[in-house]
Amino acid sequence: MADYTKHVAFAEKACEFLTASPDPFHAVANCVVKLEAAGFTALRKRDPFAGKLASGGKYYYTINHSTLVAFTVGAKYKSGNGFVILGGHTDSPNLKVKPRSKKEAHGCLQLGVECYGGGLWHTWFDRDLGLSGRVLVRGNDGAITQKLVNLNTPVARVSTLCIHLQSAEERKAFTVNKENHTVPIIGTHTLLQQGSEDQLNEWQKGHEPLLLKAIAAKAGIEVKDIADMELNLYDVQPASLGGLIQKEFLNSARLDNLATVFCSTEAIVDYSADLSESEDICMITMFDHEEVGSQSAHGAGSPVMMEAVRRISDSLSDTPGSLNPDLYSCCIRKSFVLSVDMAHAIHPNYSAKHESNHAPKLNGGTVIKTNANQRYTTNAVTGFFVRELAREAGLPVQEFVVRNDCPCGSTIGPIISSRTGIRTVDIGMPQLSMHSCREVMGIADLTHGYELFKTYFKNFRSVDDKLEG
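Bear in mind that the values here come from a model prediction, so they are computed numbers and not experimental data.

**A short note on the overall build of the protein**
Of the regular secondary structure elements, the protein holds eleven helices and 20 strands. Computed over the C-alpha atoms, the radius of gyration of the protein is 23 Å, within 12% of the 23 Å expected from 2.2 N^0.38 for a compact globule of 469 residues. Burial statistics for the protein: of 469 residues in total, 54% are counted as buried. Here the contacts in the protein between residues at least 6 apart in sequence split such that 76% fall between residues at least 24 apart. In the structure as shown, the protein presents an accessible area of about 20800 Å², 51% of it carried by carbon and sulfur atoms.

Here it is, written out as structure tokens:
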């Protein structure tokens, strides 16, 4: 019988991160805390990097407070050497608060929300929902600052219609009208009407006054100082470990893709402890907006990746500010991206949905994802690269190809590879219930992912040197 006890401590650490990261802003902020504790230096993206980077250094910066770039510079780095990149995303499907969220119906005060991404929306019904995100705060001098806020108690609920008021056809279908059926209740009119709108500006009047008061109290500000906000609902149930005999499963919201964010951050932090033999730039890039196509100023379809590679290369070139085009091309050809997004484990109740030779199992190892139609970027060379890394580290890997009669999801991999020309492979840790309000994965796979990422940073050059072109 497999022994999962050795994986528990790392999984419990992941639970803490997942519970404390109900949205991309909190996820990035929590990663920043870890990076700074490990000696990473913050960079201002509006300022030149020239003169600020050095061999053996470690740095990070954020974009929109929801996309993270962190990197180390090898002590033996030379201009023209490559970038060893882990790419993932910080966002997950959720219910986002609309710009004018105040709603009322039949004595109930409700919250206007928009469905973000391709969620399994029926799983959001009858959940205890909190509210989190960022608030823009106007100071006395007119300057705007950003504060994180987290109402981590059940402040909202999307209730199902009782079985007695549904026809047999409605019960069988359980279809969700995203506009009409996902509107949560936050209170009754009798109670919440006590909130006064007298002191609110026109934008603030689009929101329930007592909601603004609760947000202001949590953020430690006054209601009048709220200039804008970007909030989403989330299930307040904490992440937990489960299993009958052993704690072998991690149950949580947002495993897709915060499990990757967690493992990537832990891997680069631990790798950064000794850069004395490193020749390359090791980097993690955790993007926002993957769940809605990545086409934003800070998604994987933006210039963020190439801008990072170019600015870092330029700053570390022999003559900073005059990057040699030929050396830069060499850098691109020596670079590699692991596009990491969660993978589909085989479901015992729906096993026919998997192709029998490509059916990853929970706790069975990291999954290499392949699609001939380029929904994933894996090819013979990049797939071999991952298998070779895993072989050297003694780690299990699995394979996934979608059935010919099923649609195939995609990742940031094809977007990054087509925009940068950098070799890319798509991999992920296996899970069930992807895009549900509550998901599950094996805790051994969390360890497998972390160990593979750390091996990637450490052994990339030695494995890559075996490959042609």
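This is not the end of the story, as more comes after the structure.
**Describing the pairing of strand β4 (residues 83-89)**
In terms of residue burial, β4 counts as a mostly covered element, since seven of its seven residues are buried. The alternating pattern of β4 places Phe83, Ile85, Gly87 and His89 and Val84, Leu86 and Gly88 on opposite faces, both of which are buried. With four bridges joining them, β4 and strand β14 (residues 336-340) adopt parallel strand pairing. Opposite Leu86, over in β14, you have Leu338 as the bridge partner.

**Quick notes on the sheet that holds strand β18 (residues 423-428)**
As summarised here, the arrangement of the nine strands in space is β1-β2-β3-β13-β4-β14-β18-β16-β17, forming an open sheet in which the pairing is mixed. Among the strands making up the open sheet, the edge pair consists of β1 (41-42) and β17 (397-400). Together, β3 (67-73), β4, β13 (281-287) and β14 form the strand contacts of helix α6 (residues 255-271), whose direction differs from that of β13 by roughly 160°. Packed onto the sheet, helix α7 (residues 304-315) meets β2 (58-63), β3, β4 and β13 and runs at close to 155° relative to β13.

**So, helix α8 (residues 325-333)**
Since the α-helix turns once every 3.6 residues, residues separated by three or four places project in the same direction. Taken residue by residue, α8 has Tyr328, Cys331 and Ile332 as its buried positions. The arc that holds the buried residues of α8, viewed along the axis, is 100°, so those residues lie on one side. In α8, the exposed residues that point more than 90 degrees away from the buried face are Asp326 and Arg333. If you follow the buried residues of α8, they end up packed against β4, α7 and α10 (412-420).

**Considering the sheet that holds strand β7 (residues 129-138)**
The sheet built from six strands is open, its strands ordered β8-β7-β10-β5-β6-β9 with antiparallel pairing. Edge positions in the sheet fall to β8 (144-156) and β9 (185-188), since each has one partner strand and no second. Averaged over all pairs of adjacent strands, the angle between their axes in this sheet comes to 30°, without regard to strand direction. Pairing analysis gives three bridges linking strand β6 (residues 108-116) to β9, with the strands arranged antiparallel. Looking at the pairing, Leu109 lines up with Gly187 of β9.

**Section: empty space enclosed by the protein**
For the coordinates displayed, the defined rule picks out one cavity of 30 Å³ or more. Computed from the structure, the largest cavity encloses a volume of approximately 180 Å³. Forming the walls of the largest cavity are 22 residues, and the residues nearest its centre are Ser92, Pro93, Asn94, Trp124 and Arg254. The element best represented in the lining of the largest cavity is strand β10 (residues 226-235), accounting for four residues. When its residues are assigned to classes, the lining of the largest cavity shows nine nonpolar, six polar and seven charged.

**Quick look at the state of the cysteines**
Counted under the stated rule, the structure contains zero disulfides. We note that Cys115 lacks a disulfide partner, and the nearest cysteine sulfur, in Cys437, lies 12 Å from it. The buried category is assigned to Cys115, whose relative accessible area is 18%. With no disulfide of its own, Cys162 has Cys108 as its nearest cysteine by sulfur position, at a separation of 14 Å. By relative accessible area, Cys162 is classed as partly exposed at 35%.

**Quick word on the packing of helix α2 (residues 24-37) against α6**
Two elements in contact, α2 and α6, have axes separated by 10 Å at closest approach and are oriented at 15°. The orientation of α2 with respect to α6, classified from their angle, is roughly parallel. When the axes of α2 and α6 are compared, the crossing they make is right-handed. Within the contact between the two elements, α2 uses Ala27, Cys31, Lys34 and Leu35 and α6 uses Leu258, Val261, Phe262, Thr265, Glu266, Ile268 and Val269.

**Topic: unusual backbone geometry**
Of note, the bond from Asp256 into Asn257 is cis; its omega dihedral lies within 30 degrees of zero at 15°. Along the polypeptide, Asn257 turns up in helix α6. One non-glycine residue with positive phi stands out, namely Ser433, at about 65°. When you line up the elements, Ser433 lands in the loop between β19 (430-432) and β20 (439-442).

**Re the nonpolar core**
Counting 62 residues, the largest nonpolar core has Leu250, Leu338, Leu446, Tyr456 and Phe457 as its most contacted members. Ile85, Phe287, Tyr328 and Ile415 belong to the second largest nonpolar core, which has 31 residues in total.

**What about the packing of helix α1 (residues 5-19) against α6?**
Interhelical geometry of α1 versus α6 gives an angle of 120° and a closest axis separation of 10 Å. Compared by their axis directions, α1 and α6 come out oblique. Between α1 and α6 lies a crossing of right-handed hand. Every residue of α6 that contacts α1 at Phe10, Lys13, Ala14, Phe17 and Leu18 is listed here: Leu255, Leu258, Ala259, Val261, Phe262, Cys263 and Glu266. Here the residues of the contact of α1 with α6 sort into ten nonpolar, no polar and two charged.

Cut-off values and rules
Residues numbered from 1 in each chain as written. Predicted model: local features only at pLDDT ≥ 70, side-chain atom pairs only at ≥ 80, totals over all residues. Heavy atoms only, no water. Helix = DSSP H or I, 4+ residues; strand = E, 2+ residues; numbered from the N terminus. Rg over C-alpha atoms; globule rule 2.2 N^0.38 Å. Buried < 20%, exposed > 50% of the residue type's maximum accessible area, 1.4 Å probe, protein only. Contact = heavy atoms within 4.5 Å. Areas by Shrake-Rupley, 256 points an atom, 1.4 Å probe, with all protein chains shown as cover. Pairing = 2+ DSSP bridges. Axes fitted to C-alpha atoms, helices over the stretch in contact; angles between N-to-C directions. Arc of directions from axis to C-beta. 1 Å grid on protein atoms, 1.4 Å probe; cavity = no way out; pocket = protein on both sides within 12 Å on 5 of 7 lines; lining within 4 Å. Points joined across faces, edges and corners; volume = space filled by probe spheres on them. Nonpolar A, V, L, I, M, F, W, Y, C, P; charged D, E, K, R; others polar. Disulfide = S-S within 2.5 Å. Parallel < 35°, antiparallel > 145°, perpendicular 65-115°, else oblique. Left-handed = near helix turned anticlockwise from the far one by under 90°. Core = buried A, V, L, I, M, F, W, Y, C linked by side-chain atoms within 4.5 Å.

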